[in-house]
Amino acid sequence: MWNRREFLRAGLCAGAAMALAGCRMGRDAEEGEDAMEKLITTLGPLEASAVGMILPHEHVFVDLRTPDVPGQGEADAQDVVALMAPELEKARAAGVTAIVECSPEGVGRNAAILKAVSEAAAYPLVAPTGIYREPWVPRWAQEASEDALHEWMLGELQGEIEGSGVQAAWIKLSAGDDGITEIERKILRAAARAGAETGAILGSHTRRGRVLHEQLDIVEAAGYTPERFIWIHAQNDTLALNLEVAARGAWIEYDAIGGGREDAFWIGRIQAMLEAGHGEQVMLSHDRGWYDPAKPGGGTPKAFTYISEQFLPKLAAAGVDEATIEMLTATNPFRAFAR
Ligand SMILES: [Zn+2]
């Protein structure tokens, strides 16, 4: 653990130096001596040795009002820094070395704010391109062609998000509970093509798993693979469907730990996935945070520390060994999000 933190510090310094040098993140290094996969963060690309435990689904800044509401997704960056930088510091103290931000276009994504919070706390965040589901799909994306959406995602995955200096690491999507709509289908096809070209992973908020097979069919038809697709909120459907989707190769994300359900529920799902031989496809997170522009002062954030401080000791006590916990919390999320 201590070694990992030392590595993290070294990695962050290297990342900051690259940013200062105006280096186009990742690309220059990859064209050099090694093509090792890296986690693209707000502080630059990090190698596996520079990170340990990663939370694959949290939020620093999100606004769940629809984009037509005036002021949606807007806040003073310094207010967000004041509320959320201490939360990142608490996460670091609890052994969490990086956090994946899961707010795409439509729910107030703001890479400049993420960068400000990240730099204030010297803490790496992993930012997405992509678009949330209807009715959060912004008008420009409703009207855009599949090709235009593909170009837009590619631009953020290879360059930066809206002049923020932050490169997108991955693609966040969502599907409606009652079935995937035509617009969501268009966005997913564009995403699968951009993923196939960059290696970026796709993650979809999909609460009703029956939509999953259809989403995976679309991904395959667009030339990509279920192995680069995360079923976000997989806990909301049956274990049987989790296993079925895992058998197609997709990632299964259990991401409301510390929320409404008993810890025994999560432990049961994790053990079942391990017993079925799908442990290498499972990730764990809280879906917590965040600064909410709809609330006075951004509201009261929930700490990113429940899993490391409360849940993992219980998982260990239930018989899951240290190496498996390392796989679930460090190796798996790095493999999923690095490229
Ligand atoms: Zn979320």
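Higher on the page you've got the structure.
As the structure is a prediction and not an experimental result, all values here were calculated from the model.

Engineer: How would you summarise the sheet that holds strand β4 (residues 96-101) if you had to cite specific residues and measurements?
Structural biologist: The strands making up a sheet are joined through hydrogen bonds of the backbone, oriented either antiparallel or parallel. What the 3 strands build is an open sheet, ordered β3-β4-β5; its pairing is parallel. The open sheet has two edge strands, β3 (53-58) and β5 (125-126), and neither has a second partner. Pairing between β4 and β5: 2 bridges, direction parallel. Note on β5: the bridge partner recorded for Ile 99 is Leu 125.

Engineer: Can you break down the sheet that holds strand β10 (residues 251-254) residue by residue, with the values?
Structural biologist: The strand order across the open sheet formed by 6 strands is β6-β7-β8-β9-β10-β11, and the pairing between neighbours is parallel. Looking along the sheet, the strands with just one partner apiece sit at the ends: β6 (128-130) and β11 (282-284). Each strand axis lies, on average, 30° off the axis of its neighbour in the sheet, ignoring direction. Pairing geometry for strand β9 (residues 229-232) and β10, over 2 bridges, is parallel. Bridge assignment links Trp 231 to a residue of β10, and that residue is Ile 252. Relative to the sheet, helix α10 (residues 263-275) contacts β10 and β11, its axis offset from that of β10 by approximately 165°.

Calculation rules
- Residues numbered from 1 in each chain as written.
- Predicted model: local features only at pLDDT ≥ 70, side-chain atom pairs only at ≥ 80, totals over all residues.
- Pairing = 2+ DSSP bridges.
- Helix = DSSP H or I, 4+ residues; strand = E, 2+ residues; numbered from the N terminus.
- Axes fitted to C-alpha atoms, helices over the stretch in contact; angles between N-to-C directions.
- Contact = placed C-beta atoms within 7 Å.

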